[in-house]
2 protein chains.
Amino acid sequence: MNIPKVIKLNPPQLLVVVFCVSISVGTLLLKLPIAANGSIGWIDALFIATSAMTVTGLAVVDIGTTFTVFGQFIIALLVQLGGLGIMSFAVLIYIVLGRRIGIKERLLMQHALNQTSVGGIIKLVKYLFLFYFSIEFFAMMILSIRWVPELGLWKGLFYSGFHAISAFNNAGFSLFSDGLIGYRADPLINLTISILFIIGGIGFTVLVDIWSKNSWKRLSLHTKLMLWGSLILNAAAMLFIFAAEYTNPLTLGTLPLGEKLWASYFQAVSPRTAGFNTLDIASMDEATLFFIIVLMFIGAGSASTGGGIKLTTALVILLATLTFLRGKNEISILRRSIHSSIVMKALAISMVSIVFVIFALLILNLTEAQSFMSILFEVVSAFGTVGLSMGITGSLTAVGKILIIFIMFLGKVGPLTLLFTLAKPAKEKYSYPKEDILTG
Amino acid sequence: MNIPKVIKLNPPQLLVVVFCVSISVGTLLLKLPIAANGSIGWIDALFIATSAMTVTGLAVVDIGTTFTVFGQFIIALLVQLGGLGIMSFAVLIYIVLGRRIGIKERLLMQHALNQTSVGGIIKLVKYLFLFYFSIEFFAMMILSIRWVPELGLWKGLFYSGFHAISAFNNAGFSLFSDGLIGYRADPLINLTISILFIIGGIGFTVLVDIWSKNSWKRLSLHTKLMLWGSLILNAAAMLFIFAAEYTNPLTLGTLPLGEKLWASYFQAVSPRTAGFNTLDIASMDEATLFFIIVLMFIGAGSASTGGGIKLTTALVILLATLTFLRGKNEISILRRSIHSSIVMKALAISMVSIVFVIFALLILNLTEAQSFMSILFEVVSAFGTVGLSMGITGSLTAVGKILIIFIMFLGKVGPLTLLFTLAKPAKEKYSYPKEDILTG
Ligand SMILES: [K+]
Ligand SMILES: [K+]
């Protein structure tokens, strides 16, 4: 297939350039006197710009009080740009590499879009933008039901728009100093925000698949795994958080049962990788914190605004392990088998991620005087572009902030580049004799 | 090949029975009034017996002061029994499953032992025992050079014998309250103990291979990987500990350069999986602690008294990842290629281990009021049958102690059983159509 040669950069290089330019311009804009009440430092401006562009949501300063409406508008714009950039790149991978997505679907897309031409890609991206803005506008209207009466017309609309963008792009920035803790019992806010980030995080291919099929049976294996996996993992997470925090007076302990359930639900679905919080993270039990770290590491769906190693990667590794333990060779689920090269890819992605996180953790442990747990939490949150924090972001050293900026950038650009690169394996030139090794 | 049907249990069942019976008898003996100065509780007796039989070395009480010479003798006996049991089982796997170990070697072994008959196995196990006791006796003599003048003839000999057994079987029990901290600058103790546990931990197949070959080139891939891997990992670990603890006044900070180097060396080679210490673990920097946790998780060599996922397992996963990142299909190292089924096995072992450790960690975090780091350290130490601790073992709750007993048992018996089971994959009956999944 023909890759459009509009610019003499390959797609991953283009992605890096777009991100670097956007973050630089964003940093300059956030440093303008009209962006912040008082002045913020260069590193802090760079941090917020990177956090916004990579839709992470970690913040070294309080977004709601530090920035003016102009500054907050710039942040929302960066989030929107970052989210759309990531999605466009995902679409590009999806099209250019001719991902197998079922024949009916492919015909449908080819018919509608003539996908190999530049015009086709532009058309598809147009559809994507339309879909994006419609959902965000619709969500903004719903959120206005709560926030316009509370905050007045303009401020209410701005808050609704900001949170709609922040949620749908899985950024997790909030204009409220304590996140969404004030709305932990509010079904309208809980549901609107969580549905937004779940749709935004489930992945482009899943959305196209559901949109173009009319029965469960005909959905692709990827879609089925994402839906089942999300459902089971979210339910398990909700149960765990509910049980572990039930008696904790600083989190669920003092809340009535209804609020306990809402807060457990929200805090269960948010770590992969929305990053909003309705409970105080730092007050949680260490078991809950560790559980959330695991959720953040797993992350959301492929080809989405979410981060982490991705739910399907974790599922493939789990399936491969179970298959092997049962002494079988063929990895199968839902009456489909999975090629071993996919297992290898999942393994590679997981291992690179684990090694990267461990390295970052060891370095930050040397530069920061914070607890091990809070640093591990921060590193995984940055790597998975989640944005939850035990509250140490603002107290990081300059070196620590720069490292987290670096981790957020790699956490977002790295997996996309890796996915693109891994999609076309090189040919071997010669072969060595095979020999066994004892493992385990 | 014919498996001897002396007992109507399969080898893993036999292993579990032998372990359970030995631990039960050991517990009873340690509860005898003549075993301890004052009485120890049932759970503590069970803990020490399990820790000894699984050659872990974690201790809820101070071995040197709590137990009488009789009690200490029982502990040494359990360690010896556990180590020999594990090695015999490893030999059984090695023989019964007809592991590929190079033609020359196989001919040599067949010639010497007629390996498929019961007589052959008994003969091989005899050789193993002879090898074992010779090394331990020799080491005891060397250690006596230091301890007989220091402690008198009989106590000196007993201490030398105890530490020789404890080191060669990778148990890590010490009769000194502060471990080997008092000897951190002593080359004789440092070298004798570390060489003992390195030989004991490198694995039966590696020893046979080195013993039967007369050139580096003809060594098996497994042996070469173990030797290179151990050398590089130990050197990297020594460098890391030296750098991270250099200024820590509670560990290396106040020591002269020579002692700094000896202590770094010893603390670098010990976590995989000997478990002796010449520095105070709890005083180490959190980065060092985490690094040691990684080392404990990796562990020693296959078919050895060591634990963990094993060095070759970690190497295979690393190689597979690097291969994939370079866009190649064939995993090769040192001019040999590795079959993908070995990668799958390494993946399965690592994943089961990670999931097991995470579960244990979450549960112990709920039952114990200790810091997250100290619990993680304890769990990985028990799982890898290492025996290093940040000092919380004695303060664990009863539930916590029972959980650690369970983890030590599974950490030792589990991987051996898994290795045995994984060695013969079942045949598939039918095949599902292949379908792709997006990962990463
Ligand atoms: K986020
Ligand atoms: K040990």
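Up top you'll find the structure we're talking about.
Rules behind the numbers
Residues numbered from 1 in each chain as written. Chains lettered and ligands numbered in written order. Predicted model: local features only at pLDDT ≥ 70, side-chain atom pairs only at ≥ 80, totals over all residues. Heavy atoms only, no water. Patch = residues over 30% accessible without salt bridge, like charges linked within 9 Å, V, L, I, M, F, W, Y side chains within 5 Å. Areas by Shrake-Rupley, 256 points an atom, 1.4 Å probe, with all protein chains shown as cover. Salt bridge = Lys/Arg side-chain N within 4 Å of Asp/Glu carboxyl O. Helix = DSSP H or I, 4+ residues; strand = E, 2+ residues; numbered from the N terminus. Buried < 20%, exposed > 50% of the residue type's maximum accessible area, 1.4 Å probe, protein only. Axes fitted to C-alpha atoms, helices over the stretch in contact; angles between N-to-C directions. Parallel < 35°, antiparallel > 145°, perpendicular 65-115°, else oblique. Left-handed = near helix turned anticlockwise from the far one by under 90°. Contact = heavy atoms within 4.5 Å. Nonpolar A, V, L, I, M, F, W, Y, C, P; charged D, E, K, R; others polar. Core = buried A, V, L, I, M, F, W, Y, C linked by side-chain atoms within 4.5 Å. Polar contact = N/O pair within 3.5 Å; in protein donor to acceptor, adjacent residues only side chain to side chain. Phe/Tyr/Trp six-rings, centres within 6.5 Å; stacked < 30°, edge-to-face > 60°. Lys NZ or Arg CZ within 6 Å of the ring centre and 35° of its normal. 1 Å grid on protein atoms, 1.4 Å probe; cavity = no way out; pocket = protein on both sides within 12 Å on 5 of 7 lines; lining within 4 Å. Points joined across faces, edges and corners; volume = space filled by probe spheres on them.

### Structural notes on a nonpolar patch on the surface
All names here are of chain A.
Right, on to step 1. Together, Trp-216, Trp-228, Leu-231, Ile-232 and Leu-334 line one region of the surface with nonpolar side chains, adding up to about 530 Å² of accessible area.
Right, on to step 2. Within the fold, Leu-231 resides in helix 10 (residues 221-245).
Right, on to step 3. Classification of Leu-231 as exposed rests on a relative accessible area of 56%.

### Digging into the pattern of salt bridges
Residues and elements named next belong to chain A.
Right, on to step 1. All told, the structure shown has six salt bridges over all chains when counted by the stated rule.
Right, on to step 2. Asp-186 is paired through a salt bridge with Arg-146; the nearest N and O atoms lie 2.3 Å apart. Separated by 40 residues along the polypeptide, Asp-186 in the loop between helix 7 (153-168) and helix 8 (187-202) and Arg-146 in helix 6 (residues 118-151) bring together distant segments of the chain.
Right, on to step 3. Under the relative-accessibility criterion, Arg-146 is labelled partly exposed at 26%.

### As for the packing of helix 14 (residues 340-367) of chain B against helix 15 (residues 372-383) of chain B
Packed helix pairs are characterised by how far apart their axes lie and by the angle those axes make with each other.
All names here are of chain B.
Right, on to step 1. For the pair helix 14 and helix 15, interaxial distance at closest approach is 10 Å and the crossing angle is 135 degrees. Comparing their axes, helix 15 and helix 14 come out oblique. Handedness of the crossing formed by helix 14 with helix 15: right-handed. The residues of helix 15 that touch helix 14, namely those facing Ser-353, Phe-356, Val-357, Ala-360, Leu-361, Leu-364 and Asn-365, are Phe-372, Ile-375, Leu-376, Val-379, Val-380 and Phe-383.
Right, on to step 2. Considering only residue class, the contact of helix 14 with helix 15 consists of eleven nonpolar, two polar and no charged.

### Here's the deal with the packing of helix 7 (residues 153-168) of chain B against helix 8 (residues 187-202) of chain B
Residues and elements named next belong to chain B.
Right, on to step 1. Where helix 7 meets helix 8, the closest approach of the two axes is 7 Å, and the angle between their N-to-C directions is 40 degrees. In contact with His-163, Ala-164, Ala-167 and Phe-168 of helix 7, helix 8 contributes Ile-193, Leu-196, Phe-197, Ile-199 and Gly-200.
Right, on to step 2. For the contact of helix 7 with helix 8, the per-class residue count stands at seven nonpolar, two polar and no charged.

### Details of the nonpolar core
Right, on to step 1. Formed by 259 residues in total, the largest nonpolar core has its most connected members in Ile-75 of chain A together with Ile-75 of chain B.
Right, on to step 2. Discounting chain neighbours no more than four positions away, the residues touching Ile-75 of chain B are Leu-30, Ile-48, Ala-52, Ile-63, Phe-67, Phe-162 and Phe-173 of chain B.

### Re the side chain of Ser-166 of chain A
All names here are of chain A.
Right, on to step 1. Structurally, the position occupied by Ser-166 is in helix 7.
Right, on to step 2. Taking the relative accessible area as the measure of exposure, Ser-166 reaches 1% and is therefore buried.
Right, on to step 3. Of the polar contacts made by the side chain of Ser-166, one reaches the backbone oxygen of Phe-173; its length is 2.7 Å.
Right, on to step 4. Excluding anything up to four places from it in sequence, Ser-166 contacts Val-79, Ala-171, Gly-172, Phe-173 and Phe-276.

### A look at the environment of Val-316 of chain B
Residue and element names in this part refer to chain B.
Right, on to step 1. Looking at the element boundaries, Val-316 is found in helix 13 (residues 311-325).
Right, on to step 2. Residue Val-316 is classed as buried on the basis of its relative accessible area, which comes to 1%.
Right, on to step 3. For Val-316 and Met-344, which are 28 residues apart along the polypeptide, the C-alpha to C-alpha distance reads 9.6 Å.

### A few points about unusual backbone geometry
Residue and element names in this part refer to chain A.
Right, on to step 1. At Val-55, a residue that is not glycine, the phi angle is positive and equals roughly 45 degrees.
Right, on to step 2. Phi is positive for Thr-385, which is not a glycine, with a value near 45 degrees.
Right, on to step 3. In this fold, Thr-385 is placed in the loop between helix 15 (372-383) and helix 16 (398-422).

### Some thoughts on the packing of aromatic side chains
Right, on to step 1. Summed over the entire model, instances satisfying the criterion amount to 34 aromatic pairs over all chains.
Right, on to step 2. Between Phe-19 of chain B and Phe-409 of chain B, the aromatic rings sit 6.2 Å apart at their centres with planes inclined by 80 degrees, giving edge-to-face as the arrangement. Placement of the pair is Phe-19 of chain B in helix 1 (residues 11-31) and Phe-409 of chain B in helix 16 (residues 398-422), with a sequence separation of 390 residues.
Right, on to step 3. Here the aromatic rings of Phe-197 of chain B and Phe-266 of chain B are separated by 5.9 Å at their centres, their planes lie at 75 degrees, and the arrangement is edge-to-face. A residue pair is termed long-range when its members are at least 10 positions apart, and Phe-197 of chain B in helix 8 and Phe-266 of chain B in helix 11 (residues 257-269) qualify at 69 residues. A single burial state applies to Phe-197 of chain B and to Phe-266 of chain B, both of which are buried.
Right, on to step 4. Feature note: the residues Trp-147, Tyr-159, Phe-176 and Tyr-183 of chain A constitute an aromatic cluster, connected by ring pairs.
Right, on to step 5. Note that Lys-31 of chain A overlies the ring of Trp-42 of chain A, its terminal NZ or CZ placed 5.1 Å from the centroid.
Right, on to step 6. For Lys-260 of chain B, the ring lying beneath its charged end belongs to Tyr-246 of chain B, and the centroid distance is 4.6 Å.

### Notes on empty space enclosed by the protein
All names here are of chain A.
Right, on to step 1. One pass over the full model with this rule turns up eleven cavities of 30 Å³ or more.
Right, on to step 2. By volume, the largest cavity is sized at about 110 Å³.
Right, on to step 3. Lining of the largest cavity is provided by Phe-197, Ile-198, Gly-201, Ile-202, Met-226, Ser-230, Asn-234, Val-269, Arg-272, Ala-300 and Gly-301.
Right, on to step 4. For the lining of the largest cavity, the elements supplying multiple residues, two or more each, are helix 8 and helix 10.
Right, on to step 5. Considering each element in turn, the lining of the largest cavity owes the most residues, four residues, to helix 8.
Right, on to step 6. For the lining of the largest cavity, the class distribution of residues is six nonpolar, four polar and one charged.

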